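Given next are the chains, with one letter for each unit.
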Amino acid sequence: MKITVVGAGAVGATVADNIARKELCEELVLLDIKEGLAEGKALDMTQTAALLGFDTRITGSTNDYSKTAGSGVVVITSGIPRKPGMTREELIGTNANIVKGVTENILKHSPDAIIIVISNPMDTMTMLALQSSGIPKNRIIGMGGILDSARFKCYLSAALGCSPNDLNATVIGGHGDTTMIPLIRYATWNSVPVSTFLSEEQQQKVVSDTMVGGATLTKLIGTSAWYAPGAAGAALVESIVRDEKRLFSCCVSLEGEYGQSDICLGVPVIIGKNGWERIVDYKLDENEQALFNKSADAVRSMNDVLKTL
Ligand SMILES: NC(=O)C1=CN([C@@H]2O[C@H](COP(=O)(O)OP(=O)(O)OC[C@H]3O[C@@H](n4cnc5c(N)ncnc54)[C@H](O)[C@@H]3O)[C@@H](O)[C@H]2O)C=CC1
Ligand SMILES: O=C([O-])CC(=O)C(=O)O
(Lines give C-alpha, C1' and ligand atoms only; values in the text may rest on other atoms or scores of the structure.)
(Ligands and ions follow the chains in the order given, each with its own letter.)
Protein backbone atom coordinates (compact mmCIF):
# COMPACT_ATOMS: atom_id res chain seq x y z
CA MET A 1 0.00 0.00 0.00
CA LYS A 2 0.95 3.63 -0.51
CA ILE A 3 0.41 6.19 2.25
CA THR A 4 0.65 9.97 1.81
CA VAL A 5 1.29 12.53 4.53
CA VAL A 6 0.47 16.09 3.48
CA GLY A 7 2.48 18.71 5.37
CA ALA A 8 6.10 17.85 6.10
CA GLY A 9 6.32 20.12 9.13
CA ALA A 10 6.73 19.01 12.74
CA VAL A 11 3.62 16.82 12.98
CA GLY A 12 3.64 15.48 9.39
CA ALA A 13 7.28 14.44 9.57
CA THR A 14 6.74 12.73 12.94
CA VAL A 15 3.69 10.83 11.68
CA ALA A 16 5.77 9.77 8.65
CA ASP A 17 8.75 8.75 10.81
CA ASN A 18 6.50 6.52 12.94
CA ILE A 19 4.82 5.01 9.86
CA ALA A 20 8.21 4.19 8.32
CA ARG A 21 9.65 2.68 11.52
CA LYS A 22 6.57 0.47 11.90
CA GLU A 23 6.67 -0.46 8.21
CA LEU A 24 2.97 0.27 7.79
CA CYS A 25 3.31 0.54 3.99
CA GLU A 26 5.67 -0.24 1.14
CA GLU A 27 5.66 3.35 -0.11
CA LEU A 28 5.34 6.55 1.86
CA VAL A 29 4.97 9.96 0.19
CA LEU A 30 5.54 13.22 2.05
CA LEU A 31 4.12 16.31 0.34
CA ASP A 32 4.53 19.97 1.24
CA ILE A 33 4.02 23.29 -0.48
CA LYS A 34 7.41 24.57 0.67
CA GLU A 35 10.04 23.92 -2.01
CA GLY A 36 12.37 21.04 -1.10
CA LEU A 37 11.09 20.50 2.46
CA ALA A 38 9.31 17.20 1.84
CA GLU A 39 12.10 15.88 -0.41
CA GLY A 40 14.69 16.80 2.22
CA LYS A 41 12.85 15.22 5.14
CA ALA A 42 12.06 12.10 3.06
CA LEU A 43 15.76 11.73 2.23
CA ASP A 44 16.81 12.30 5.85
CA MET A 45 14.32 9.64 7.03
CA THR A 46 15.44 7.28 4.27
CA GLN A 47 18.97 7.53 5.65
CA THR A 48 17.73 6.17 9.00
CA ALA A 49 16.60 2.92 7.33
CA ALA A 50 20.02 1.26 7.56
CA LEU A 51 20.23 2.27 11.23
CA LEU A 52 16.71 1.36 12.28
CA GLY A 53 16.21 -1.62 9.98
CA PHE A 54 13.05 -0.73 8.08
CA ASP A 55 12.28 -1.18 4.38
CA THR A 56 9.58 1.42 3.73
CA ARG A 57 10.39 3.49 0.63
CA ILE A 58 10.01 7.22 1.40
CA THR A 59 9.78 9.95 -1.23
CA GLY A 60 9.09 13.67 -1.02
CA SER A 61 7.16 15.99 -3.30
CA THR A 62 6.77 19.75 -3.56
CA ASN A 63 3.04 20.03 -4.24
CA ASP A 64 3.03 17.45 -7.07
CA TYR A 65 -0.07 15.38 -6.29
CA SER A 66 0.56 12.94 -9.12
CA LYS A 67 3.24 11.43 -6.83
CA THR A 68 0.51 10.60 -4.29
CA ALA A 69 -1.65 8.69 -6.81
CA GLY A 70 -3.24 5.50 -5.56
CA SER A 71 -2.75 6.16 -1.84
CA GLY A 72 -4.87 4.01 0.46
CA VAL A 73 -4.51 6.37 3.42
CA VAL A 74 -3.79 10.10 3.41
CA VAL A 75 -2.93 12.06 6.54
CA ILE A 76 -3.53 15.83 6.37
CA THR A 77 -1.29 17.90 8.65
CA SER A 78 -0.86 20.96 6.43
CA GLY A 79 -1.63 24.31 7.98
CA ILE A 80 -0.35 26.68 10.62
CA PRO A 81 0.06 25.67 14.29
CA ARG A 82 -0.91 27.98 17.15
CA LYS A 83 1.47 30.16 19.13
CA PRO A 84 1.38 30.58 22.94
CA GLY A 85 -1.80 32.35 24.06
CA MET A 86 -3.80 31.36 20.97
CA THR A 87 -6.66 28.87 20.77
CA ARG A 88 -6.82 26.20 18.06
CA GLU A 89 -10.00 27.88 16.81
CA GLU A 90 -8.07 31.01 15.83
CA LEU A 91 -6.31 29.00 13.10
CA ILE A 92 -9.47 28.53 11.06
CA GLY A 93 -9.02 31.56 8.79
CA THR A 94 -5.76 30.22 7.35
CA ASN A 95 -6.23 26.47 7.68
CA ALA A 96 -9.72 26.11 6.18
CA ASN A 97 -8.57 27.11 2.70
CA ILE A 98 -5.47 24.91 2.99
CA VAL A 99 -7.42 21.82 4.10
CA LYS A 100 -10.12 22.35 1.45
CA GLY A 101 -7.57 22.62 -1.37
CA VAL A 102 -5.52 19.67 -0.14
CA THR A 103 -8.60 17.42 0.18
CA GLU A 104 -9.69 18.21 -3.37
CA ASN A 105 -6.21 17.59 -4.79
CA ILE A 106 -5.78 14.33 -2.91
CA LEU A 107 -9.06 12.88 -4.14
CA LYS A 108 -8.25 13.66 -7.77
CA HIS A 109 -5.39 11.18 -7.53
CA SER A 110 -6.54 8.82 -4.75
CA PRO A 111 -10.34 8.59 -5.02
CA ASP A 112 -10.52 5.58 -2.68
CA ALA A 113 -8.32 6.96 0.09
CA ILE A 114 -9.20 7.00 3.77
CA ILE A 115 -8.48 10.55 4.93
CA ILE A 116 -7.15 11.38 8.39
CA VAL A 117 -7.44 15.03 9.38
CA ILE A 118 -4.99 16.43 11.92
CA SER A 119 -4.86 20.15 11.00
CA ASN A 120 -6.58 22.44 13.51
CA PRO A 121 -9.22 23.36 14.48
CA MET A 122 -9.50 19.64 13.86
CA ASP A 123 -13.25 19.05 14.41
CA THR A 124 -14.16 21.80 11.95
CA MET A 125 -11.43 20.73 9.50
CA THR A 126 -12.86 17.18 9.58
CA MET A 127 -16.32 18.56 8.78
CA LEU A 128 -14.78 20.59 5.97
CA ALA A 129 -12.99 17.53 4.54
CA LEU A 130 -16.26 15.58 4.70
CA GLN A 131 -18.21 18.32 2.93
CA SER A 132 -15.61 19.17 0.29
CA SER A 133 -14.85 15.53 -0.56
CA GLY A 134 -18.32 14.02 -0.77
CA ILE A 135 -16.83 10.60 -0.01
CA PRO A 136 -18.53 8.12 2.36
CA LYS A 137 -18.39 9.32 5.97
CA ASN A 138 -16.50 6.23 7.18
CA ARG A 139 -13.45 7.31 5.21
CA ILE A 140 -13.03 10.68 6.97
CA ILE A 141 -11.48 10.52 10.44
CA GLY A 142 -10.29 13.40 12.61
CA MET A 143 -7.38 12.68 14.96
CA GLY A 144 -7.57 14.38 18.35
CA GLY A 145 -9.15 12.03 20.89
CA ILE A 146 -6.33 9.47 20.63
CA LEU A 147 -3.84 12.17 21.56
CA ASP A 148 -6.03 13.65 24.28
CA SER A 149 -6.60 10.17 25.75
CA ALA A 150 -2.82 9.55 25.80
CA ARG A 151 -2.35 12.85 27.66
CA PHE A 152 -5.18 11.87 30.06
CA LYS A 153 -3.28 8.63 30.81
CA CYS A 154 -0.04 10.59 31.23
CA TYR A 155 -1.54 12.86 33.92
CA LEU A 156 -3.38 9.93 35.55
CA SER A 157 -0.19 7.87 35.72
CA ALA A 158 1.60 10.75 37.45
CA ALA A 159 -1.23 11.13 39.99
CA LEU A 160 -1.41 7.37 40.64
CA GLY A 161 2.33 6.70 40.45
CA CYS A 162 1.69 3.91 37.94
CA SER A 163 2.50 2.92 34.37
CA PRO A 164 0.35 4.62 31.71
CA ASN A 165 0.17 1.19 30.07
CA ASP A 166 -1.97 -0.13 32.94
CA LEU A 167 -4.57 2.59 32.44
CA ASN A 168 -7.72 2.74 30.41
CA ALA A 169 -8.99 6.27 29.86
CA THR A 170 -10.82 8.07 27.08
CA VAL A 171 -11.43 11.68 26.07
CA ILE A 172 -14.47 12.42 23.89
CA GLY A 173 -16.04 15.61 22.51
CA GLY A 174 -14.19 18.37 20.69
CA HIS A 175 -10.42 18.71 20.39
CA GLY A 176 -10.38 22.13 22.04
CA ASP A 177 -9.19 23.55 25.37
CA THR A 178 -12.77 23.89 26.60
CA THR A 179 -14.61 21.36 24.42
CA MET A 180 -12.89 18.08 25.26
CA ILE A 181 -14.40 15.74 27.86
CA PRO A 182 -12.02 13.43 29.76
CA LEU A 183 -14.35 10.64 30.94
CA ILE A 184 -12.98 10.32 34.47
CA ARG A 185 -15.93 8.15 35.61
CA TYR A 186 -14.85 5.47 33.14
CA ALA A 187 -11.08 5.73 33.76
CA THR A 188 -9.62 2.59 35.32
CA TRP A 189 -6.29 1.29 36.62
CA ASN A 190 -6.32 -2.33 35.48
CA SER A 191 -10.12 -2.42 35.67
CA VAL A 192 -10.43 -0.60 39.02
CA PRO A 193 -12.03 2.88 38.80
CA VAL A 194 -9.42 5.58 39.47
CA SER A 195 -11.87 7.15 41.95
CA THR A 196 -10.89 4.27 44.28
CA PHE A 197 -7.41 5.80 44.58
CA LEU A 198 -7.75 9.52 43.79
CA SER A 199 -9.68 12.20 45.69
CA GLU A 200 -12.29 14.27 43.89
CA GLU A 201 -9.81 17.16 43.87
CA GLN A 202 -7.02 15.02 42.37
CA GLN A 203 -9.38 13.73 39.68
CA GLN A 204 -10.48 17.26 38.76
CA LYS A 205 -6.85 18.37 38.48
CA VAL A 206 -6.11 15.50 36.07
CA VAL A 207 -9.17 16.47 34.01
CA SER A 208 -8.24 20.15 33.80
CA ASP A 209 -4.55 19.41 33.05
CA THR A 210 -5.67 17.09 30.24
CA MET A 211 -7.98 19.70 28.73
CA VAL A 212 -5.19 22.26 28.43
CA GLY A 213 -2.57 19.62 27.57
CA GLY A 214 -1.90 21.11 24.12
CA ALA A 215 -1.80 24.70 25.44
CA THR A 216 0.69 23.72 28.17
CA LEU A 217 3.06 22.32 25.55
CA THR A 218 2.58 25.28 23.23
CA LYS A 219 3.55 27.63 26.05
CA LEU A 220 6.69 25.61 26.81
CA ILE A 221 7.83 25.03 23.22
CA GLY A 222 6.63 28.24 21.54
CA THR A 223 4.71 26.22 18.94
CA SER A 224 2.47 23.21 19.33
CA ALA A 225 3.56 19.65 20.06
CA TRP A 226 4.56 16.92 17.58
CA TYR A 227 5.92 13.77 19.25
CA ALA A 228 2.65 12.60 20.82
CA PRO A 229 0.51 13.96 17.93
CA GLY A 230 2.78 12.11 15.47
CA ALA A 231 2.59 8.87 17.46
CA ALA A 232 -1.19 9.22 17.77
CA GLY A 233 -1.59 9.78 14.02
CA ALA A 234 0.51 6.70 13.28
CA ALA A 235 -1.47 4.56 15.77
CA LEU A 236 -4.61 5.47 13.82
CA VAL A 237 -2.95 4.60 10.50
CA GLU A 238 -1.74 1.29 11.99
CA SER A 239 -5.22 0.24 13.07
CA ILE A 240 -6.46 0.91 9.51
CA VAL A 241 -3.71 -0.83 7.56
CA ARG A 242 -3.46 -3.82 9.91
CA ASP A 243 -7.26 -3.93 10.32
CA GLU A 244 -6.74 -4.05 14.10
CA LYS A 245 -10.27 -2.91 15.07
CA ARG A 246 -8.81 -0.72 17.83
CA LEU A 247 -11.37 1.22 19.87
CA PHE A 248 -10.18 4.81 19.61
CA SER A 249 -11.80 8.15 20.29
CA CYS A 250 -11.92 9.85 16.88
CA CYS A 251 -13.76 12.74 15.30
CA VAL A 252 -16.40 11.31 12.97
CA SER A 253 -19.68 12.33 11.37
CA LEU A 254 -22.61 11.84 13.76
CA GLU A 255 -26.11 11.06 12.56
CA GLY A 256 -28.02 10.86 15.82
CA GLU A 257 -25.37 8.98 17.81
CA TYR A 258 -24.65 10.55 21.20
CA GLY A 259 -27.73 12.73 20.54
CA GLN A 260 -26.05 14.83 17.81
CA SER A 261 -26.37 15.20 14.03
CA ASP A 262 -24.77 17.23 11.21
CA ILE A 263 -21.49 17.51 13.07
CA CYS A 264 -18.12 15.76 13.30
CA LEU A 265 -17.14 15.20 16.94
CA GLY A 266 -14.98 12.85 19.01
CA VAL A 267 -16.63 9.58 20.03
CA PRO A 268 -15.35 6.02 20.59
CA VAL A 269 -15.16 4.18 17.25
CA ILE A 270 -13.81 0.91 15.90
CA ILE A 271 -11.00 1.57 13.41
CA GLY A 272 -10.21 -0.99 10.72
CA LYS A 273 -9.53 -1.43 7.02
CA ASN A 274 -12.73 0.42 6.06
CA GLY A 275 -11.90 3.49 8.13
CA TRP A 276 -14.16 4.04 11.11
CA GLU A 277 -16.47 1.06 11.13
CA ARG A 278 -18.78 1.47 14.12
CA ILE A 279 -19.53 3.98 16.88
CA VAL A 280 -19.57 2.47 20.38
CA ASP A 281 -22.18 3.88 22.77
CA TYR A 282 -20.59 4.54 26.18
CA LYS A 283 -23.95 5.37 27.81
CA LEU A 284 -23.13 8.81 29.11
CA ASP A 285 -24.74 9.97 32.32
CA GLU A 286 -26.74 13.21 32.44
CA ASN A 287 -23.77 15.40 33.30
CA GLU A 288 -21.51 13.86 30.61
CA GLN A 289 -24.25 14.20 27.99
CA ALA A 290 -24.72 17.86 28.95
CA LEU A 291 -20.97 18.43 28.49
CA PHE A 292 -21.10 16.63 25.12
CA ASN A 293 -24.02 18.79 23.98
CA LYS A 294 -22.17 21.94 25.06
CA SER A 295 -19.09 20.78 23.16
CA ALA A 296 -21.24 20.16 20.06
CA ASP A 297 -22.73 23.67 20.34
CA ALA A 298 -19.25 25.23 20.40
CA VAL A 299 -17.99 23.16 17.45
CA ARG A 300 -21.20 23.84 15.51
CA SER A 301 -20.76 27.59 15.84
CA MET A 302 -17.17 27.22 14.61
CA ASN A 303 -18.48 25.17 11.67
CA ASP A 304 -20.67 28.15 10.68
CA VAL A 305 -17.48 29.79 9.40
CA LEU A 306 -17.37 27.09 6.69
CA LYS A 307 -20.51 28.58 5.11
CA THR A 308 -18.51 31.71 4.26
CA LEU A 309 -15.78 29.84 2.33
N1 LIG B 1 -5.27 17.20 15.77
C2 LIG B 1 -4.25 17.19 16.62
O3 LIG B 1 -4.25 16.45 17.59
C4 LIG B 1 -3.08 18.07 16.38
C5 LIG B 1 -3.12 19.03 15.40
N6 LIG B 1 -2.04 19.83 15.13
C7 LIG B 1 -2.16 20.75 14.01
O8 LIG B 1 -1.42 20.21 12.91
C9 LIG B 1 -1.06 21.28 12.03
C10 LIG B 1 0.43 21.19 11.68
O11 LIG B 1 1.21 21.46 12.81
P12 LIG B 1 2.81 21.48 12.68
O13 LIG B 1 3.27 20.31 11.89
O14 LIG B 1 3.34 21.70 14.03
O15 LIG B 1 3.03 22.78 11.79
P16 LIG B 1 4.29 23.10 10.85
O17 LIG B 1 4.24 24.56 10.56
O18 LIG B 1 5.52 22.53 11.45
O19 LIG B 1 3.97 22.27 9.52
C20 LIG B 1 2.89 22.57 8.69
C21 LIG B 1 3.34 22.33 7.27
O22 LIG B 1 2.23 22.49 6.39
C23 LIG B 1 2.76 23.00 5.19
N24 LIG B 1 1.70 23.55 4.34
C25 LIG B 1 1.05 24.72 4.47
N26 LIG B 1 0.14 24.87 3.47
C27 LIG B 1 0.23 23.76 2.71
C28 LIG B 1 -0.44 23.32 1.55
N29 LIG B 1 -1.40 24.05 0.97
N30 LIG B 1 -0.11 22.14 1.02
C31 LIG B 1 0.86 21.38 1.58
N32 LIG B 1 1.55 21.74 2.69
C33 LIG B 1 1.23 22.93 3.25
C34 LIG B 1 3.78 24.03 5.62
O35 LIG B 1 4.69 24.37 4.58
C36 LIG B 1 4.43 23.32 6.80
O37 LIG B 1 5.60 22.61 6.41
C38 LIG B 1 -1.45 22.57 12.76
O39 LIG B 1 -2.68 23.04 12.27
C40 LIG B 1 -1.59 22.12 14.20
O41 LIG B 1 -2.43 22.95 14.95
C42 LIG B 1 -0.88 19.72 15.84
C43 LIG B 1 -0.80 18.79 16.85
C44 LIG B 1 -1.88 17.93 17.24
O1 LIG C 1 -2.30 22.36 20.95
C2 LIG C 1 -2.28 22.53 19.72
O3 LIG C 1 -2.54 23.60 19.16
C4 LIG C 1 -1.93 21.37 18.85
C5 LIG C 1 -2.82 20.26 19.22
O6 LIG C 1 -3.94 20.15 18.76
C7 LIG C 1 -2.39 19.43 20.34
O8 LIG C 1 -1.19 19.29 20.62
O9 LIG C 1 -3.29 18.87 20.99
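Residues numbered from 1 in each chain as written. Chains lettered and ligands numbered in written order. Predicted model: local features only at pLDDT ≥ 70, side-chain atom pairs only at ≥ 80, totals over all residues. Heavy atoms only, no water.

### Some remarks on the domain arrangement of the chain
Point 1. Domain parsing of the chain yields domain 1 (2-144) and domain 2 (145-308).
Point 2. Relative placement of domain 1 and domain 2: their C-alpha centres are 21 Å apart.
Point 3. With 39 residues of domain 1 at the interface, the matching set in domain 2 holds 54 residues.
Point 4. Summed over both partners, the interface of domain 1 with domain 2 buries about 3,700 Å², with 66% contributed by carbon and sulfur atoms.
Point 5. A per-residue breakdown of the area domain 1 buries against domain 2 is headed by R88, D123 and G144, which together make up 17% of the total.
Point 6. Counting across the domain 1 and domain 2 interface gives 4 salt bridges.
Point 7. The salt bridge partner of D177 is R82, with a shortest N-O separation of 3.1 Å. (Domains from an automatic or database assignment. Contact = heavy atoms within 4.5 Å. Buried area = accessible area lost by both parts, 1.4 Å probe. Salt bridge = Lys/Arg side-chain N within 4 Å of Asp/Glu carboxyl O.)

### Points about empty space enclosed by the protein
Point 1. Across all of its chains, the model carries 1 cavity of 30 Å³ or more by this definition.
Point 2. Reported here for the largest cavity is a volume of approximately 50 Å³.
Point 3. Along the walls of the largest cavity sit 14 residues, with M122, G144, G145, G173 and G266 positioned nearest its centre.
Point 4. Of all the secondary structure elements, the ones that give two or more residues to the lining of the largest cavity are α5 (122-133), α6 (145-160), β8 (171-173) and β12 (246-255).
Point 5. The class makeup of the residues in the lining of the largest cavity is 5 nonpolar, 7 polar and 2 charged.
Point 6. The residues that make up the lining of the largest cavity include at least three from each of domain 1 (2-144) and domain 2 (145-308). (1 Å grid on protein atoms, 1.4 Å probe; cavity = no way out; pocket = protein on both sides within 12 Å on 5 of 7 lines; lining within 4 Å. Points joined across faces, edges and corners; volume = space filled by probe spheres on them. Helix = DSSP H or I, 4+ residues; strand = E, 2+ residues; numbered from the N terminus. Nonpolar A, V, L, I, M, F, W, Y, C, P; charged D, E, K, R; others polar.)

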